[in-house]
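Residue-level structural notes
The residues making up each chain are set out below.
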Amino acid sequence: DVKVTQSSRYLVKRTGEKVFLECVQDMDHENMFWYRQDPGLGLRLIYFSYDVKMKEKGDIPEGYSVSREKKERFSLILESASTNQTSMYLCASSLGDSAYEQYFGPGTRLTVT
Amino acid sequence: AQKITQTQPGMFVQEKEAVTLDCTYDTSDPSYGLFWYKQPSSGEMIFLIYQGSYDQQNATEGRYSLNFQKARKSANLVISASQLGDSAMYFCAMRSLSTGNQFYFGTGTSLTVIP
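Presented here is an overview of the structure given in this document. Note that this is a predicted model, so its numbers are computed, not measured. (Residues numbered from 1 in each chain as written. Chains lettered and ligands numbered in written order. Predicted model: local features only at pLDDT ≥ 70, side-chain atom pairs only at ≥ 80, totals over all residues. Heavy atoms only, no water.)

Our focus in this paragraph is the environment of Pro40 of chain B. All names here are of chain B. Secondary-structure assignment places Pro40 in the loop between strand 5 (32–39) and strand 6 (46–52). Through-space distance from the C-alpha of Pro40 to that of Met89 is 6.2 Å; in sequence the pair is 49 residues apart. Excluding residues that lie within four positions of it along the chain, Pro40 makes contacts with Ile46 and Ala88. (Helix = DSSP H or I, 4+ residues; strand = E, 2+ residues; numbered from the N terminus. Contact = heavy atoms within 4.5 Å.)

Laid out in structure tokens, this is it:
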């Protein structure tokens, strides 16, 4: 079975802190994604990566950056956390073809105070 | 532009009854994939079913079936014989060649199964 793991289930950070969210997948998937999920807004794509060191902005990249140094690992970075970044963050991975589904991690609920 | 619309924020269904969750999509691509995911209160996203744009038959997976009407650009999820464990958020998503590797999600439908 595909497994996508995220470094934390719950995280509490202070405004202005630098925050790292880590995601690891074990199925050699080319594509990895970071979403944030907020009530009533569904899943919104922050960034995705289709290969090592490659990244593409999603719909809401402002305030975030990403890093993919190894195929299995995709990190989301909040350079200076703000309260409006309090959210559920979901990582996902998939194969490259449009016929393949995404596999999701368990999510990280981030609270910025 | 790619867009997924789920117009039912919340739905209720009696246990053992069937329920249909609506999803419409917008794309100009001839080749695309449609997906449904379930998200229980625990938060994990669970893949349920896939329909390809060129598939001639509606997809089925156990109690889940996808009512695919290509001309109307709709991909409704049908859950038969609802169970209490079906209570969850359900998301429709689309992926197409023109969007590369991106998935587009709807805003979700919250389903509650009543005993």
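Another point: the side chain of Thr109 of chain B. All names here are of chain B. Tracing the backbone through its elements, the reader meets Thr109 in strand 12 (residues 109–114). Assessed through its relative accessible area of 0%, Thr109 is described here as buried. One polar contact links the side chain of Thr109 to the main-chain carbonyl oxygen of Gln8, over a distance of 2.7 Å. Setting aside its immediate chain neighbours within four residues, Thr109 contacts Gln6, Gln8, Pro9, Met11, Leu21, Ala88, Met89 and Tyr90. (Buried < 20%, exposed > 50% of the residue type's maximum accessible area, 1.4 Å probe, protein only. Polar contact = N/O pair within 3.5 Å; in protein donor to acceptor, adjacent residues only side chain to side chain.)

Turning our eyes to something else, we now look at the pairing of strand 3 (residues 19–25) of chain A. Residues and elements named next belong to chain A. The alternating pattern of strand 3 places Val19, Leu21, Cys23 and Gln25 on a buried face and Phe20, Glu22 and Val24 on a face that is not buried. Note that strand 3 and strand 8 (residues 73–78) share 6 bridges and pair antiparallel. The partner of Cys23 across the bridge, within strand 8, is Phe74. (Pairing = 2+ DSSP bridges.)

All names here are of chain A. Across the sheet, which stays open at both edges, the 4 strands sit in the order 1-3-8-7 with antiparallel pairing between neighbours. The outermost strands of the open sheet, each flanked by one partner alone, are strand 1 (4–6) and strand 7 (64–70). Across this sheet, the average inter-strand angle for adjacent strands is 20°, counted without regard to direction. (Axes fitted to C-alpha atoms, helices over the stretch in contact; angles between N-to-C directions.)

Attention shifts here to the packing of aromatic side chains. Following the criterion strictly, the structure yields 14 aromatic pairs over all chains and no others. Residues Tyr35 of chain A and Phe104 of chain A carry aromatic rings whose centres are separated by 6.0 Å and whose planes lie at 35° to one another, so their mutual orientation is tilted. In this pair, Tyr35 of chain A sits in strand 4 (residues 31–38) while Phe104 of chain A sits in strand 10 (residues 103–104), placing the two residues 69 residues apart along the sequence. Like Tyr35 of chain A, the residue Phe104 of chain A is buried in the burial classification. Judged by centre distance (5.4 Å) and plane angle (85°), the rings of Tyr35 of chain A and Phe105 of chain B are edge-to-face. Of this pair, Tyr35 of chain A sits in strand 4 while Phe105 of chain B is found in strand 11 (residues 103–105), placing the two residues in two different chains. The class of Tyr35 of chain A is buried, set by a relative accessible area of 0%. When its relative accessible area of 11% is taken as the criterion, Phe105 of chain B is described as buried. Here the aromatic cluster, defined as three or more aromatic residues joined through ring pairs, consists of Phe33, Tyr35, Phe48 and Phe104 of chain A together with Phe35, Tyr37, Phe47, Tyr50, Phe103 and Phe105 of chain B. (Phe/Tyr/Trp six-rings, centres within 6.5 Å; stacked < 30°, edge-to-face > 60°.)

Per the stated rule, a full pass over the model turns up 2 disulfides over all chains. Residue pairing for Cys23 of chain A: its cysteine sulfur links by disulfide to Cys91 of chain A, the two sulfurs lying 1.8 Å apart. Linking Cys23 of chain A and Cys91 of chain A, the disulfide has an S-S dihedral of approximately -80° and is accordingly described as left-handed. Of this pair, Cys23 of chain A sits in strand 3 while Cys91 of chain A sits in strand 9 (residues 87–94), and the two are 68 residues apart along the sequence. One disulfide in the model links Cys23 of chain B with Cys92 of chain B; its S-S distance is 2.0 Å. On the S-S bond that ties Cys23 of chain B to Cys92 of chain B, the torsion sits near -65°, and the link is left-handed. Note that Cys23 of chain B is positioned in the loop between strand 3 (19–21) and strand 4 (24–26) and Cys92 of chain B in strand 10 (residues 88–96), a separation of 69 residues in sequence. In this structure, Cys23 of chain B and Cys92 of chain B share a single accessibility class: buried. (Disulfide = S-S within 2.5 Å.)

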